[in-house]
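The chain contents come next:
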Amino acid sequence: MDKLKLWLFDIRFWILVLFLIRLENIDLPPLDEHAWRQTITLGVARNYLEWDANFFHPRTVICDSRGGIQAQEFPLFNYCIFLLWKVFGVHNWCYRLFNLIVASFGLFAFSKIARRLTDEKASLFSTVIFGVSVAFVYARKGMPDVFAVSLVLIGVDWGWRYLEEKKPWQLVPFFLFSALGLLCKMPAACTFALLAVPVLLAPYSARERLKAGLVASLAVAVMALWYFGWVPWAEKEYRFPLFYPQGIKEGWQQLVDMRDDTLSRFYPVALTSTIAFLFFVIGLVTMFRKKNRALILTFAGSTGLLFILMLKAGATFSGHVYYIIPYVPMMSLLAGYGMQQVIKSWVVQIIILIAIATEAIYFHKTDFFIRWQEKKYLKLESITDSVVPKDSRVLVNGRNGSPTMMYFTHRLGWTVDDRMKDSQWLDGENTVGLNYVIIDRSMWKDSLPYPMLYEDNEFRIFKIKKD
């Protein structure tokens, strides 16, 4: 019994189990939830591989006749995928496994941070709750959100270690991991608030706290340089923006107008499990009732940063479940704390933890498979190759500007909703490089007044290029 208890209360055991569970269908094509965001990310990685490996030239597949260099997040995640594909070939398991490995190290770093802010058991509960939260599936997607938060968590752990051990070299990984995480996704700054306690409250010398604060500020400055320096320049230079921030007033109004979606990001999306959310509420109340200064400071910092993000993102926050990910470590921390405060029997603790994990994983399970309606895109590249030259620009009728259909043609070009109905516009675009039109018949069933090169129940391909 003692040996079993030792295993069950070892966070490495839980991280390993969560890692192994997520290996199912690890080579799944990016047609699971948020294929839009995955294919735009993977499209950049593939263009690094096939077009231009210049790190500062992240090119989107939706680029019409232009070069397509896009003002986007710091493309570290995309570039790592490119390097993996360069070594192992273009396989979906490369980016999924890579993201999952980094996320697992991030979980371990989070467990050490949580242990410093609470205790060993609360840390275990918090880490498992974080592991099965919304981050559970996004840790194996072609998206940089969990990747960025994981890097920041690793950086924050190194910052704590520096303050505890006072070894100057530890400032280097503290800066590198923190800065890279913040660069990859600016909202990951919400996670950076986990460093507030050792810098502002903990009993470390003023000299070390000042150094840690300066290094943290430098990491934030590097992030600001990219997002408020390079991104505006690239938007002006290349005309391909990815971000559409709102004014504070407009953002607030959008959040209010979409209040149901906004609130759903906190429940049920963030922690996924109803049981876990209940313990979050208990932890939140207990934190204030017991006047736990460390948790209150951390909560205030993370919540304040999240609120700023929400105001600037507006409807984007309300409409995309993954925008809550940077705040999930804070919610998980309070949930684990709440569970530790009210459940004292170790047997009951493990039973509840298993129940939370089972509930959340069951909910996530559908995302390990592709809906049958999406499987048609898996054959689109071979269909396109049969009639369209590899270097030809194409137009696809992807929904709402989604890059997914374009990505699976393995081409570059235009994506529209219904503008292909305008033959005069198509003829005009033909003069700047539009050669072919690929129609998803489930979204538009009519024909076009051009030679049809291919037709089946799902797709049609027309030749616009004049011979």
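Presented here is a report on the structure given in the accompanying data block. From a predicted model like this one, the values you see are computed outputs, not experimental measurements.

Let us now look at the sheet that holds strand β2 (residues 412–415). In sheet architecture, strand pairing relies on hydrogen bonds along the backbone and comes in two forms, parallel and antiparallel. Strand order in the open sheet formed by 5 strands is β2-β1-β3-β5-β4, and the pairing between neighbours is mixed. Either end of the sheet is taken by a strand with one partner, and the two such strands are β2 and β4 (452–455). Neighbour-to-neighbour, the strand axes of the sheet open up by a mean angle of 20°, direction not taken into account. The pairing of strand β1 (residues 393–396) with strand β3 (residues 434–440) spans 4 bridges and is parallel. The residue of β3 that forms the bridge with V396 is I438. Each of β1, β2 and β3 is contacted by helix α22 (residues 423–430), which is oriented at about 135° to β3, the strand it contacts most.

Another aspect to go through is unusual backbone geometry. At the junction of Y267 and P268, the peptide bond is cis and its omega measures out at 15° in the coordinates. Backbone geometry at N25 places phi at a positive 50°, although glycine is not the residue there. Within the element layout of this structure, N25 appears in the loop between α2 (11–21) and α3 (35–50). A residue is classified by how much of its surface remains accessible, and N25, at 33% relative accessible area, is partly exposed. Of note in the backbone geometry, H410 takes a positive phi value of approximately 60° without being a glycine. Structurally, H410 can be placed in the loop between α21 (404–409) and β2. Look at H410 and you get buried, because its relative accessible area is 16%.

Inspection of the secondary structure assignment puts D52 in the loop between α3 and α4 (76–88). Among the polar contacts listed, one links the side chain of D52 to the backbone nitrogen of N54, at a separation of 2.9 Å. There is a polar contact of 2.8 Å between the side chain of D52 and the side chain of H57. Apart from the residues within four sequence positions on either side, D52 is in contact with N47, H57 and R59.

Within this structure, the stated rule accounts for 23 salt bridges. For E455, the salt bridge is made with R441, and the minimal N-O distance between the two is 3.4 Å. One end of the pair, E455, is in strand β4; the other, R441, is in the loop between β3 and β4, with 14 residues separating them in the sequence. The exposure class of R441 is buried, given its relative accessible area of 19%. One connected set of salt bridges, linked through shared partners, spans D32, R96, K141 and D367.

Counted according to the given criterion, the structure contains 30 aromatic pairs. On the numbers, 5.6 Å between centres and 40° between planes, the contact of F277 with F280 is tilted. In this pair, F277 and F280 are both assigned in helix α15 (residues 274–289), 3 residues apart and thus about one turn of the helix distant. Within the aromatic cluster, the residues linked to one another by ring pairs are Y48, F55, F56, F74, Y79, F82, W226 and W230.

Of all 7 residues making up β3, 7 are buried, and the element is well covered by its neighbours. In this structure, β3 lies alongside strand β5 (residues 459–463), joined through 5 bridges in antiparallel fashion. In the sheet register, D440 faces β5, and the bridge partner there is F459.

In this section: the nonpolar core. Core analysis: the largest hydrophobic core is formed by 148 residues, its most contacted members being L117, Y138, F174 and I324. Among the elements that make up this core, the one with the highest residue count is helix α8 (residues 145–165) (13 residues). Setting aside residues no more than four positions away along its own chain, L117 makes contact with W160, L194, V197, A294, L295, T298 and L333. Membership of the second largest hydrophobic core comes to 14 residues, among which are L395, L434, V437 and I464.

Each value, and the rule that gives it
- Residues numbered from 1 in each chain as written.
- Predicted model: local features only at pLDDT ≥ 70, side-chain atom pairs only at ≥ 80, totals over all residues.
- Heavy atoms only, no water.
- Pairing = 2+ DSSP bridges.
- Helix = DSSP H or I, 4+ residues; strand = E, 2+ residues; numbered from the N terminus.
- Axes fitted to C-alpha atoms, helices over the stretch in contact; angles between N-to-C directions.
- Contact = heavy atoms within 4.5 Å.
- Buried < 20%, exposed > 50% of the residue type's maximum accessible area, 1.4 Å probe, protein only.
- Polar contact = N/O pair within 3.5 Å; in protein donor to acceptor, adjacent residues only side chain to side chain.
- Salt bridge = Lys/Arg side-chain N within 4 Å of Asp/Glu carboxyl O.
- Phe/Tyr/Trp six-rings, centres within 6.5 Å; stacked < 30°, edge-to-face > 60°.
- Core = buried A, V, L, I, M, F, W, Y, C linked by side-chain atoms within 4.5 Å.

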